[in-house]
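Coordinate inspection notes
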Amino acid sequence: MDFLLSDVHDDLASTVDALLAKADIPARARAWTHGDHHPVAEVVTALAETGITGLLIDESSGGSSAGATEMVVAMEQVGRHALPGPIVETVAVLPVLLRSAGVSGSHLSALAEGALATCAIPPIAPLAPIAETSYVVIDGVLSTATTTDRVATVDPTRILAELGPDEVLAENVDVHDAADIGTLATAAQLLGMASAMLASAADYAQARKQFGRAIGSFQAVKHHLADVAIAVEMARPLVYAAALGVDGLVPEGTDVRRDVAAAKVAAGDAAYLASRRALQVLGAIGYTTEHDLSLYLTKTRALLTAWGTPADLRRRVLESL
């Protein structure tokens, strides 16, 4: 069995990385914090033109009928560049939720075309990132939704909303697959963010000099960054193994929900460690809103509890053993 990503996956990652690098995401993220969502919407439209927002949507609805592995490849790059907005909900959760509820047509087509949308599934995800189009599932009933209240988070680019049901779209909806894909997509985001923070800290450690030497030459700094590199590389196979499980490419009897939970726990731990160590290496400059690291520090903290808190996910793993 080949455990490496294919050339197609590498090309997909390169395409998303190049698009987001060219878009200057930090500037667009800062615009988002001031209420201007148009710059980010432009990027999402560009991602839609390359097929990213339709990865989990059937071709009949304008998507590409890809799988969780492709979604994880793309979402890792989204995390690497800290793209704000309800990306997990738009690219991962809603395509699976709407399909499982038997809702198609314009709802899925709009997602494939790059319309940002959000959803809440209490109690798993009681609040939703703000977006013009919203959905909510309450007691198995899927409805379009309206915002009833807004809640600020530690991440200024992540304003959450309480949603109230509007028009009923489906009943007796099973939300487990949608929730799991949200957990997996968030894990991929955290993995990409951890890699970006590690790279930022390593670059700074090579450029910053103290006592006539680059601080990266000091053993204490080396060990800090090595710990992060190990955490990232240990989390990556868990994330991709969980994606294979979601795609049904694992032996029968594999507990896929456990693997998804373990993947997010590992990716979250790696991202949190990366944020702490990157801040230690960069020093006080990392706190400032002018430095891009601050975007990653706050987003890491916010995403740790998105689509499953560490405590809930660890409990799921323990109960499966």
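Refer to the structure above for everything that follows.
This text gives an overview of the structure that appears in the document. (Residues numbered from 1 in each chain as written. Predicted model: local features only at pLDDT ≥ 70, side-chain atom pairs only at ≥ 80, totals over all residues. Heavy atoms only, no water.)

Observations regarding helix α10 (residues 293-303)
Counting buried positions along α10 yields 10 of 11 residues, so the element is predominantly enclosed. Of the positions making up α10, those classed as buried are L293, S294, L295, Y296, L297, T298, K299, T300, A302 and L303. Contacts made by the buried residues of α10 are with α2 (25-33), α4 (68-80), α7 (176-207) and α9 (256-282). (Buried < 20%, exposed > 50% of the residue type's maximum accessible area, 1.4 Å probe, protein only. Helix = DSSP H or I, 4+ residues; strand = E, 2+ residues; numbered from the N terminus. Contact = heavy atoms within 4.5 Å.)

What to know about the environment of V96
You can see V96 is positioned in helix α5 (residues 87-100). In the structure, V96 is positioned 64 residues away from L160 in sequence and 21 Å away in space, judged by C-alpha atoms. Contact partners of V96, with chain neighbours within four places excluded, come to L56, D177, A178 and I181.

Here's the deal with the side chain of T90
Along the chain, T90 falls in helix α5. Here T90 falls in the buried class, since its relative accessible area comes to 1%. Not counting the four nearest positions on each side in its chain, T90 is found in contact with T53, P95, L111, A115, L116 and A117.

Some points on the pattern of salt bridges
Applying the stated criterion across every chain, the model contains 12 salt bridges. A salt bridge links R80 to E76; the shortest N-O distance between them is 3.8 Å. Remark: E76 and R80 occur in helix α4; sequence separation between them is four residues, near one turn of the helix. A single network of salt bridges, built from pairs that share partners, joins E76, R80, E233 and R236. (Salt bridge = Lys/Arg side-chain N within 4 Å of Asp/Glu carboxyl O.)

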